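Each chain, written out:
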Amino acid sequence: ADPDRLVPERPNANQHLGMGTGVHYCLGARLARLEARIAITALRQRLPGLALAEVPRWRDTMNLRALESLRVRW
């Protein structure tokens, strides 16, 4: 439910195809997840009041899902 929202604590957060699957699984997936965990933890510790300033805007492309804008306030 609600796939466009980032909810790290959702029960099925690890059940996605973001890094591919099967023979197409990304070789750098573990490193990418580790780097993301470290970066997000550091951000939350340094900026405890960090919050979205507006709804994130996504690029309008069919082959690459990516953010166009992610404005925050602290």
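In the block above lies the structure referred to throughout.
Fair warning: this is a prediction, and the values are worked out from it, not measured in the lab. The residue numbers shown here count from 1 along each chain, following its written sequence. Residue-level local features of this predicted model are given only where pLDDT is at least 70; pairs of side-chain atoms are given and counted only at 80 or more, and the full residue set underlies all totals for whole chains, interfaces and linings. Only hydrogens and water are set aside; all other atoms, that is, all heavy atoms of the structure, feed into the side-chain values.

Caption draft 1: Spatial organisation of a nonpolar patch on the surface. On the surface, Leu43, Leu50, Leu52, Trp58, Leu67, Leu70, Val72 and Trp74 cluster together into a nonpolar patch covering about 780 Å² of accessible area. Only protein chains enter the accessibility calculation, which uses a 1.4 Å probe; a residue is then buried when its area is under 20% of its type maximum, exposed when over 50%, and partly exposed in between. You can call Leu70 partly exposed: its relative accessible area is 47%. Within the patch definition used here, like charges are joined within 9 Å and nonpolar side chains (Val, Leu, Ile, Met, Phe, Trp, Tyr) within 5 Å, considering only residues with over 30% relative accessible area and no salt bridge. Methods summary: accessible areas were calculated by the Shrake-Rupley approach with a probe of 1.4 Å, and residue burial reflects only the protein chains presented. When a carboxyl oxygen of Asp or Glu lies within 4 Å of a side-chain nitrogen of Lys or Arg, that pair is called a salt bridge.

Caption draft 2: Region of the structure containing the side chain of Ser69. Only DSSP runs of H or I reaching four residues or more are called helices, and only runs of E reaching two or more are called strands; each is numbered from the N terminus. Tracing the backbone shows Ser69 in strand β3 (residues 67–69). Here, residues are in contact when the closest pair of their heavy atoms is within 4.5 Å. Apart from residues lying up to four places away in sequence, Ser69 is in contact with Glu54, Pro56 and Arg57.

Caption draft 3: Summary view of the pattern of salt bridges. Taken as a whole and assessed by the stated rule, the structure comprises two salt bridges. Salt-bridge contacts for Arg71 lead to Glu54; the nearest nitrogen and oxygen are separated by 3.8 Å. Residue Arg71 is located in the loop between β3 and β4 (72–73), and its partner Glu54 is located in the loop between β1 (51–52) and β2 (57–58); the two are separated by 17 residues in the primary sequence. Residue Glu54 is classed as partly exposed on the basis of its relative accessible area of 31%. Put simply, Glu68 and Arg57 hold a salt bridge, and the shortest N to O gap is 3.9 Å. Remark: Arg57 occurs in strand β2 and Glu68 occurs in strand β3; sequence separation between them is 11 residues.

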